[in-house]
Amino acid sequence: MQARLVNVGYGTVVAIDRIIAIVSPESAPVKRIIQEAKEERKLIDATYGKRTRAVIIMDNSHILLSAVQPETITSRVNNDIIKEKSNKHEN
């Protein structure tokens, strides 16, 4: 089975099945999660120096920072899921 990937900005892709949550970086609990991931060396910064707009929480406890809005990433994931379902129905 081939992994389904989603672009989270600047050519960085993530396996859709590994994503637990996509959240905004503004709240204090999310900022704490980011700090803890940095201390545990489980933080992946994929912002390429841009402002962090989304925090992606992965199932392996890694945290990925993206410069793309959470809504945009969610839309990309949903579009991939819809496309896959329509392909299954065609076959």
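Keep in mind that this is a model prediction, so the values were computed, not measured. (Residues numbered from 1 in each chain as written. Predicted model: local features only at pLDDT ≥ 70, side-chain atom pairs only at ≥ 80, totals over all residues. Heavy atoms only, no water.)

This paragraph deals with the overall build of the protein chain. In terms of regular secondary structure, the protein chain is built from two helices and six strands. Counting from the amino terminus, helix and strand elements in the protein chain follow one another as β-β-β-α-β-β-β-α. Overall, the C-alpha framework of the protein chain stretches about 45 × 25 × 20 Å when taken along its three principal axes. Across the protein chain, the fraction of contacts at a sequence separation of at least 24, relative to all contacts at a separation of at least 6, is 50%. Each charge class in the protein chain can be summarised by its mean position, and for the 14 positive and 11 negative side chains these summaries are 4 Å apart. (Helix = DSSP H or I, 4+ residues; strand = E, 2+ residues; numbered from the N terminus. Contact = heavy atoms within 4.5 Å. Lys, Arg positive; Asp, Glu negative; His and termini not counted. Charge placed at Lys NZ, Arg CZ, Asp CG, Glu CD.)

Applying the stated criterion across every chain, the model contains four salt bridges. Glu26 serves as the salt-bridge partner of Arg51, at 3.9 Å between the closest nitrogen and oxygen. Of this pair, Arg51 sits in the loop between β4 (43-46) and β5 (54-58) while Glu26 is found in the loop between β3 (19-23) and α1 (28-39), placing the two residues 25 residues apart along the sequence. A single salt-bridge network, built from bridges that share partners, covers Arg4, Asp17 and Asp80. (Salt bridge = Lys/Arg side-chain N within 4 Å of Asp/Glu carboxyl O.)

Moving on to the sheet that holds strand β6 (residues 63-66). Read across the open sheet, the four strands follow the order β3-β5-β6-β4; overall the sheet is mixed. Taken across any chain shown, the strands that pair with only one partner, and hence form the sheet edges, are β3 and β4. Strand-to-strand twist in this sheet, taken as the mean axis angle between neighbours without regard to direction, amounts to 20°. Relative to β6, β5 is paired through four bridges, and the arrangement is antiparallel. Bridged to Val55 within β6 is Leu65. Lying over the sheet, α1 contacts β3, β4, β5 and β6, oriented at roughly 115° with respect to β6. Contacts from helix α2 (residues 70-90) reach β3, β5 and β6 within the one sheet, and its direction differs from that of β3 by about 145°. (Pairing = 2+ DSSP bridges. Axes fitted to C-alpha atoms, helices over the stretch in contact; angles between N-to-C directions.)

Applying the stated criterion across every chain, the model contains one aromatic pair. Considering the side-chain rings of Tyr10 and Tyr48, the 5.5 Å spacing of their centres and the 50° angle between planes classify their relative orientation as tilted. Placement of Tyr10 in the loop between β1 (5-9) and β2 (12-15) and of Tyr48 in the loop between β4 and β5 is noted, with a sequence separation of 38 residues between them. Under the relative-accessibility criterion, Tyr48 is labelled exposed at 57%. (Phe/Tyr/Trp six-rings, centres within 6.5 Å; stacked < 30°, edge-to-face > 60°. Buried < 20%, exposed > 50% of the residue type's maximum accessible area, 1.4 Å probe, protein only.)

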